[in-house]
Amino acid sequence: MTKPRDWDASTYERLSAPLAAMGVDVLDRLDLAGDETVLDAGCGTGKVTQVLYDRLPHGHVIAVDAAPSMVEQARALLPADVDVRRADLLDLSLDAPADAVLSTATFHWIGDHERLFANLHAALRPGGRLVAQCGGAGNVAEIKRAGLAAASEPPYAEHLADWPGDWNFATPGDTERRLHAAGFTDVWCWLTRVDVDPGDRAGYLRAICLGSFLDRLPDSLREGFLEASLARLPDPLTIHYVRLNMLARRAG
């Protein structure tokens, strides 16, 4: 298993408004009475979690992330009665099943979707719902191509040439098959495209889209790699997000 990526959470918090907006759109698909227990699977800094919390005046939010910096930021930003936990979603175990699982911009960082979906199925009560979105097939393809091209050249190739990437951008068909195999019913998966102007091109790619590359480089090479990648991209830059959307339910 790959070690979960940590993040520059304060920079992510500053620049992640486009991702948070997508996340709130996903949350809108989850019909809530206001008294449910909902697992936010990959809460990040807590922007979407806060909106979820506000919709559960008599409910309970369990917010989970594997990145220490994200958990620290979420604990600082969210109300004290949000149960914020640092945990790997592949190993997460709840004391009592949740009524729903919400996840935004997380599952594509997890390589083993079969195990992930089986574990989330176990975390839900019978009839519980999964509402999720992550990067899908073709997501930020132009950015990844630029990063991989820069990674193939010296002096970066020594550190990155054999690295296949740590993202898992799945297709709707493969995801539906995996959700059914995990025991879910009423499964529906589809792709949507969202184009984003990142504003601060270098800052956005450093913190979000190219962070996995930079994490594997020594500090002395990181800015040069970022410049080499940016040189392969248009300016101004539009980031083409392809989002994999999931709706499913645990039978019962």
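Here the structure is shown first, and the text comes after it.
Note that the structure is a prediction, hence the values are computed from the model and not measured. (Residues numbered from 1 in each chain as written. Predicted model: local features only at pLDDT ≥ 70, side-chain atom pairs only at ≥ 80, totals over all residues. Heavy atoms only, no water.)

Details of the pairing of strand 2 (residues 60–65)
Then step 1. In terms of burial, strand 2 is a largely internal element, 5 of the 6 residues being buried.
Then step 2. In terms of strand pairing, strand 1 (residues 37–41) meets strand 2 through 5 bridges, oriented parallel. What sits directly across from Leu-39, in strand 2, is Ile-62.
Then step 3. For the crossover from strand 1 across helix 3 (residues 47–54) to strand 2, the handedness is right-handed.
Then step 4. Direction of pairing for strand 2 relative to strand 3 (residues 83–86): parallel, over a ladder of 4 bridges. From the neighbouring strand, Ala-63 faces strand 3, where its bridge partner is Val-84.
Then step 5. Taken together, strand 2, helix 4 (residues 68–77) and strand 3 form a β-α-β motif whose crossover is right-handed. (Buried < 20%, exposed > 50% of the residue type's maximum accessible area, 1.4 Å probe, protein only. Helix = DSSP H or I, 4+ residues; strand = E, 2+ residues; numbered from the N terminus. Pairing = 2+ DSSP bridges. Right-handed = clockwise from strand over helix to strand, strands pointing away.)

Some remarks on the packing of helix 9 (residues 201–209) against helix 11 (residues 219–230)
Then step 1. Two elements in contact, helix 9 and helix 11, have axes whose closest approach is 11 Å; the angle formed by their N-to-C orientations is 115 degrees. Handedness of the helix 9/helix 11 crossing: right-handed. In contact with Arg-201, Ala-202, Leu-205 and Arg-206 of helix 9, helix 11 contributes Glu-223, Leu-226 and Leu-230.
Then step 2. Taken together, the residues that form the contact of helix 9 with helix 11 break down as 4 nonpolar, no polar and 3 charged. (Axes fitted to C-alpha atoms, helices over the stretch in contact; angles between N-to-C directions. Left-handed = near helix turned anticlockwise from the far one by under 90°. Contact = heavy atoms within 4.5 Å. Nonpolar A, V, L, I, M, F, W, Y, C, P; charged D, E, K, R; others polar.)

Concerning the nonpolar core
Then step 1. Ile-143, Leu-205, Cys-209, Phe-225, Ile-239 and Tyr-241 are the most contacted members of the largest nonpolar core, which totals 31 residues.
Then step 2. Of all the elements in the fold, those that place two or more residues in this core are helix 2 (17–27), helix 6 (141–151), helix 9, helix 10 (211–215), helix 11 and strand 7 (239–250).
Then step 3. Residue contacts for Tyr-241: discarding those within four places in its chain leaves Leu-19, Met-22, Asn-139, Val-140, Thr-192, Arg-193, Val-194, Val-196, Tyr-204, Ile-208 and Cys-209.
Then step 4. Among the nonpolar cores identified, the runner-up in size contains 30 residues, and Ala-182, Phe-184, Met-246 and Ala-248 belong to it. (Core = buried A, V, L, I, M, F, W, Y, C linked by side-chain atoms within 4.5 Å.)

Thoughts on the environment of Ile-110
Then step 1. Within the secondary structure, Ile-110 is located in the loop between strand 4 (98–104) and helix 5 (113–123).
Then step 2. A residue is classified by how much of its surface remains accessible, and Ile-110, at 12% relative accessible area, is buried.
Then step 3. C-alpha separation for the pair Ile-110 and Asp-99, spaced 11 residues apart in sequence, amounts to 23 Å.
Then step 4. Discounting residues that sit within four places of it in the chain, Ile-110 has contacts with Leu-89, Leu-90, Leu-116 and Asn-168.

Side note on unusual backbone geometry
In most cases, non-glycine residues show a negative phi, while peptide bonds are predominantly trans.
Then step 1. A cis amide bond links Pro-154 to the next residue, Pro-155, at an omega of 0 degrees.
Then step 2. Note on placement: Pro-155 falls in the loop between helix 6 and helix 7 (157–160).
Then step 3. The peptide bond linking Asp-235 to Pro-236 adopts the cis configuration, its omega dihedral lying at 10 degrees.
Then step 4. By secondary structure assignment, the location of Pro-236 is in the loop between helix 11 and strand 7.
Then step 5. One non-glycine residue, Asp-186, lies in positive phi territory at about 50 degrees.
Then step 6. As for its placement among the helices and strands, Asp-186 is situated in strand 6 (residues 184–196).

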